Amino acid sequence: MPERLILVAEVAGAFGVKGEVRLTAWVADPKSLLAYSPLLDGAGRPAISLTSGRVHKGGLVTRVREVETREAAQALRGLKLYVERAALPATDDDEYYLADLIGLAAVSPDGAPLGRVKSVADFGAGDLLEIDPADGAPAWWAPFSRDVVTDVDPAAGRVVIVRPTEV
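Calculation criteria
- Throughout this description, residue numbers start from 1 for each chain and increase along the sequence as written.
- Residues qualify for local features only when their pLDDT is at least 70, as the model is predicted, and side-chain atom pairs are given and counted only at 80 or more; totals for whole chains, interfaces and linings, by contrast, use all residues.
- Excluding hydrogens and water, the side-chain values take into account all heavy atoms of the structure.
- For the purposes of this entry, the term helix denotes a DSSP run of H or I that reaches at least four residues, the term strand denotes a run of E that reaches at least two, and both are numbered from the N terminus.
- Type-normalised accessible area, obtained with a 1.4 Å probe on protein chains alone, sets the label of each residue: buried when under 20%, exposed when over 50%, and partly exposed for intermediate values.
- Polar contacts, as used here, are pairs of N or O atoms within 3.5 Å; protein pairs need one atom able to donate a hydrogen and one able to accept it. Residues neighboring in sequence count only if both atoms are side-chain atoms.
- We call two residues contacting when some pair of their heavy atoms lies within 4.5 Å.
- Here, the term nonpolar core denotes a set of buried Ala, Val, Leu, Ile, Met, Phe, Trp, Tyr and Cys residues that are joined through side-chain atoms within 4.5 Å.
- A side-chain nitrogen of Lys or Arg and a carboxyl oxygen of Asp or Glu constitute a salt bridge if their distance falls within 4 Å.
- The criterion for an aromatic pair is that two Phe, Tyr or Trp rings (for Trp, the six-membered ring) have centres within 6.5 Å, with stacked assigned to planes under 30 degrees apart, edge-to-face to planes over 60 apart and tilted to the rest.
- At least two DSSP bridges between two strands are needed for those strands to be called paired.
- Think of each axis as a best-fit line through the C-alpha atoms, taken over the contacting stretch in the case of a helix, with angles from 0 to 180 degrees between the N-to-C directions.

A.B. asks: Teacher, can you tell me more about the side chain of T62 here?
C.D. replies: As for its position among the elements, T62 is in strand β6 (residues 59-64). Of the residues examined, T62 reaches a relative accessible area of 0% and is grouped as buried. A polar contact is formed between the side chain of T62 and the backbone oxygen of S52, at a distance of 2.5 Å. When neighbours within four sequence positions are excluded, T62 is seen to be in contact with E20, V21, L23, L34, L50, T51, S52 and G53.

A.B. asks: Looking at this structure, how should I read unusual backbone geometry?
C.D. replies: With the exception of glycine, most residues fall at negative phi, and the peptide bonds are largely trans. Residues S37 and P38 are joined by a peptide bond in cis, for which omega reads 5°. By secondary structure assignment, the location of P38 is in the loop between β2 (20-25) and β3 (39-40). Of note, the phi angle at K57 is positive, near 50°, even though the residue is not glycine. In this structure, K57 sits in the loop between β5 (50-56) and β6. By relative accessible area, which is 79% here, K57 ends up exposed.

A.B. asks: Help me understand the nonpolar core in this model?
C.D. replies: The tendency in soluble globular proteins is for nonpolar side chains to be buried side by side. Counting residues in hydrophobic clusters, the biggest one holds 20 residues, and the most contacted among them are L23, L33, L39 and L50. Put simply, the parts of the chain that give this core at least two residues each are β1 (5-15), β2, β6 and β7 (80-84). Examining the composition of this core, we find that 5 residues originate from one element, β1, more than from any other. When near neighbours in sequence (up to four residues on either side) are disregarded, L33 contacts V8, A9, L23, A25, V27, L39, L50 and L60. Of all hydrophobic cores here, the second largest spans 14 residues; its members include L101, L129, W140 and V152.

A.B. asks: Looking at this structure, how should I read the pattern of salt bridges?
C.D. replies: Between side chains of opposite charge, a pair can form as their charged atoms come close. Inspection of the entire model under this criterion finds 7 salt bridges. When the shortest N-O distance is used, the salt bridge between E20 and R54 registers 2.8 Å. Placement of E20 in strand β2 and of R54 in strand β5 is noted, with a sequence separation of 34 residues between them. Judged by relative accessible area, R54 falls into the partly exposed class, the value being 39%. When salt bridges with common partners are traced through the structure, they connect R4, R85 and D100 into a single cluster.

A.B. asks: How should I be thinking about the packing of aromatic side chains in this particular structure?
C.D. replies: Geometry of an aromatic ring pair is reported as the spacing of the ring centres plus the angle between the planes. Within this structure, the stated rule accounts for 2 aromatic pairs. Considering the side-chain rings of Y96 and F144, the 6.4 Å spacing of their centres and the 55° angle between planes classify their relative orientation as tilted. Separated by 48 residues along the polypeptide, Y96 in the loop between β7 and β8 (105-107) and F144 in the loop between β11 (140-143) and β12 (149-153) bring together distant segments of the chain. Judged by its relative accessible area of 28%, Y96 is partly exposed.

A.B. asks: Explain the pairing of β12 to me, please; I cannot follow it from the model alone.
C.D. replies: On any regular strand, side chains alternate: one points to one face of the sheet, the next to the other face. Relative to strand β13 (residues 158-161), β12 runs antiparallel, the two being bridged by 4 bridges. Within the sheet, the bridge partner assigned to V152 lies in β13 and is V159. Hairpin geometry of β12 and β13 is characterised by an intervening segment of 4 residues between the two adjacent antiparallel strands and by a positive phi of about 75° at G157.

A.B. asks: How should the sheet that holds β13 be read in this particular structure?
C.D. replies: In sheet architecture, strand pairing relies on hydrogen bonds along the backbone and comes in two forms, parallel and antiparallel. The mixed open sheet is built from 6 strands, whose spatial order is β11-β10-β9-β8-β13-β12. Two strands in the sheet have a free side with no partner beyond their single neighbour: β11 and β12. Averaged over neighbouring strand pairs, the angle between their axes works out to 35° when direction is ignored. The pairing of strand β9 (residues 113-122) with strand β10 (residues 127-132) spans 6 bridges and is classified as antiparallel. By the bridge assignment, V117 is partnered in β10 with I131.

Pasting the structure below:
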């Protein structure tokens with residue numbers, strides 16, 4: 001998968017009997033997906049073109065140019081949809097996309113290397129950074145809070161983490 005693709009949605013299946021497609025949206029405003037059409041597959045190729053849509057239960061129910069039947073919509077189930085990172089709106093000085101954190105060096109407050117940010121996840125209690133230590137030790141999770149992650153500097157390629165003492 002090209003590095004600069006950001007996962008924004010996944011096809012959840014068909015909606016109704018007229019060929020509409022249900023998308024699970026990984027963006028704050030599901031309707032914003034319409035502005036990024038066509039959405040891309042994991043290889044960066046155009047996958048589907050959204051022509052219209054409406055927010056439904058936190059996702060998007062949409063018409064797709066390439067889909068005319070319920071069966072065709074259902075066949076897309078599980079398709080992950082991406083946009084180019086460059087297509088996303090610019091962030092303010094103190095803002096960043098969570099996807100931009102992946103790959104950043106994780107360092108302690110004194111600058112000692114802790115590893116790299118492997119992933120960002122939310123299991124229901126808030127965002128967590130998965131840290132992959134350079135020394136081959138098992139990965140560990142850091143709560144993404146101001147107490148633990150004291151500085152985020154994507155331009156410098158690092159996050160400063162006060163490693164929790166409890167496991």
